[in-house]
Amino acid sequence: MVDDGSPEPVTLPHWAQSLAQVCLLRLPQNLGISAARNAAIGCSNAPLLACVNTQVLPDPDWLSTCEKYLSNHSGVGACYARLVPHRPNRILTRWRMRFLETKFGEQSGLSPFAPGHAVLFRKEAIDVVGGYDVRRRRHHEDSDICQRMRKTGWETHYVAGSRCISIQQDSLKQLAAKELRESYWYSPAESSLIRLYFHLSKWTLIRAGRNILKGRFYFLPVDAAIWAYALWMATSSVVRNPPSS
């Protein structure tokens, strides 16, 4: 377990503190998801490495299913399984799964990249590309490492035979923040607020239009709320920390 310099230090539960198989690695400061994963990877000599986010619970058969798949497909360097929500009927969760998460099919096979929820890697595939790119602190680290692996001959595959459970507690704030990351907006110093207004407004209108055509009218208030919340967050950030001229 990696504690990426959280303000309140993470502690292991009592049942895990006496287990040699469980190790808590605390970084002195927050370095981002890529550096945190690299720190843990650097401590391991295992031939297979599983990277699992904190809000994801793999099914009991996930590891064995993915390990068997890698054993039967020698050219695959990373694989992942379906992600399903813990509370599938919540409207915000339904919106996230439709518009912000990867679509999962019924057949295993080649995939452009493995979403970073829970991925089983061959360590040799990770080593050949030098691990995650630490410049990708919060976003697109999953697609980046898989693209670099593919250039060296390692494929990424989707495995239909198992699943992981998303226990994320979706809120407007969380979804709006993810919309900002998807729009490559991180801070006033790094991104243009005007470009963000144009980009978010365009894609919100496109999404709303598709929802109307599909009869998904229940998503329209969510579209509007997330659009407004995301722009409010970005605008407030600019007001508090205006970019230097």
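Preceding this section is the structure that the text describes.
Residues numbered from 1 in each chain as written. Predicted model: local features only at pLDDT ≥ 70, side-chain atom pairs only at ≥ 80, totals over all residues. Heavy atoms only, no water.

Colleague: Give a description of the overall build of the chain that names residues and reports values.
Modeller: Across its full length, the chain carries nine helices and eight strands. Rg of the C-alpha trace for the chain: 20 Å, near the compact-globule value of 18 Å for 245 residues, within the 12% margin. Considering only C-alpha atoms, the chain reaches an extent of 45 × 45 × 40 Å along its principal axes. Counting only carbon and sulfur atoms, one obtains 58% of the accessible surface of the chain, whose full area is about 13,900 Å². The averaged location of the 20 negative side-chain charges in the chain is 6 Å from the averaged location of its 30 positive side-chain charges. (Helix = DSSP H or I, 4+ residues; strand = E, 2+ residues; numbered from the N terminus. Rg over C-alpha atoms; globule rule 2.2 N^0.38 Å. Areas by Shrake-Rupley, 256 points an atom, 1.4 Å probe, with all protein chains shown as cover. Lys, Arg positive; Asp, Glu negative; His and termini not counted. Charge placed at Lys NZ, Arg CZ, Asp CG, Glu CD.)

Colleague: Lay out a positive patch on the surface in plain terms, naming residues and giving numbers.
Modeller: A cluster of basic residues, Arg94, Arg98, Lys103 and Lys214, forms a positive patch at the surface. On the secondary structure map, Lys103 appears in the loop between α4 (91-99) and β6 (109-111). (Patch = residues over 30% accessible without salt bridge, like charges linked within 9 Å, V, L, I, M, F, W, Y side chains within 5 Å. Salt bridge = Lys/Arg side-chain N within 4 Å of Asp/Glu carboxyl O.)

Colleague: I'd like a rundown of the environment of Leu196, residues and numbers included.
Modeller: Residue placement: Leu196 occurs in helix α8 (residues 193-213). Sequence spacing of Leu196 and Leu175 is 21 residues, and the spatial spacing of their C-alpha atoms is 16 Å. Every residue in contact with Leu196, bar those within four places of it in the chain, is listed here: Leu180, Ser183, Trp185, Leu231 and Ala234. (Contact = heavy atoms within 4.5 Å.)

Colleague: Before we move on, could you go through the packing of aromatic side chains and cite the residues and values that matter?
Modeller: By the definition in use, this model includes eight aromatic pairs. For the ring pair Phe104 and Tyr158, a centre distance of 6.0 Å and an interplane angle of 40° mean the geometry is tilted. One end of the pair, Phe104, is in the loop between α4 and β6; the other, Tyr158, is in strand β8 (residues 155-166), and 54 residues separate them in sequence. The exposure classification of Phe104 matches that of Tyr158, with both residues buried. Through successive ring pairs, a cluster of aromatic residues spans Trp95, Phe99, Tyr218 and Phe219. (Phe/Tyr/Trp six-rings, centres within 6.5 Å; stacked < 30°, edge-to-face > 60°. Buried < 20%, exposed > 50% of the residue type's maximum accessible area, 1.4 Å probe, protein only.)

Colleague: Let's hear about the packing of α8 against helix α9 (residues 220-240): which residues, and what values?
Modeller: Viewed as axis vectors pointing N to C, α8 and α9 meet at an angle of 175°, and their least axial separation amounts to 10 Å. Taken together, α8 and α9 sit at an angle that is classed as roughly antiparallel. Of α9, the residues touching α8 (which contributes Leu193, Leu196, Tyr197, Leu200, Ser201, Thr204, Arg207, Ala208, Asn211 and Ile212) are Leu220, Asp223, Trp227, Ala230, Leu231, Ala234, Thr235 and Val238. (Axes fitted to C-alpha atoms, helices over the stretch in contact; angles between N-to-C directions. Parallel < 35°, antiparallel > 145°, perpendicular 65-115°, else oblique.)

Colleague: Pulling in residues and values, what's your account of the pattern of salt bridges?
Modeller: Side chains that differ in charge, positive against negative, can pair when their charged atoms come close. Applying the stated criterion across every chain yields a total of eleven salt bridges. Here Arg26 ties to Asp3 by a salt bridge, and the two come within 2.6 Å at their closest N and O atoms. Placement of Arg26 in strand β2 (residues 25-26) and of Asp3 in strand β1 (residues 2-3) is noted, with a sequence separation of 23 residues between them. Given a relative accessible area of 1%, Asp3 falls into the buried group. Linking Lys123 and Asp127 is a salt bridge whose minimum nitrogen-to-oxygen distance equals 3.1 Å. With Lys123 and Asp127 both in helix α5 (residues 123-128), this residue pair falls four residues apart, about one helical turn. Its relative accessible area of 14% is what places Lys123 among the buried residues.

Colleague: So, the layout of surface pockets: which residues are in play, and what are the values?
Modeller: It is the rolling of a water-molecule-sized probe over the atoms that shows where space remains empty. The computed volume of the second largest pocket comes to approximately 310 Å³. Lining the second largest pocket are Phe99, Leu100, Glu179, Glu182, Ser183, His199, Leu200, Trp203, Ile206, Arg207, Arg210 and Arg216. Sort the elements by how many residues they give to the lining of the second largest pocket and α8 lands first, with six residues. Taken together, the residues of the lining of the second largest pocket break down into five nonpolar, two polar and five charged. (1 Å grid on protein atoms, 1.4 Å probe; cavity = no way out; pocket = protein on both sides within 12 Å on 5 of 7 lines; lining within 4 Å. Points joined across faces, edges and corners; volume = space filled by probe spheres on them. Nonpolar A, V, L, I, M, F, W, Y, C, P; charged D, E, K, R; others polar.)

Colleague: Requested: an account of the pairing of strand β5 (residues 76-85), with residues and values cited.
Modeller: Of all ten residues making up β5, ten are buried, and the element is well covered by its neighbours. For β5 and β8, the ladder comprises nine bridges, and the chain directions are parallel. Within β8, the residue paired with Tyr80 across the bridge is Tyr158. Across two bridges, the pairing between β5 and strand β7 (residues 118-122) is antiparallel. Across the sheet, Cys79 pairs through a bridge with Leu120, a residue of β7. (Pairing = 2+ DSSP bridges.)

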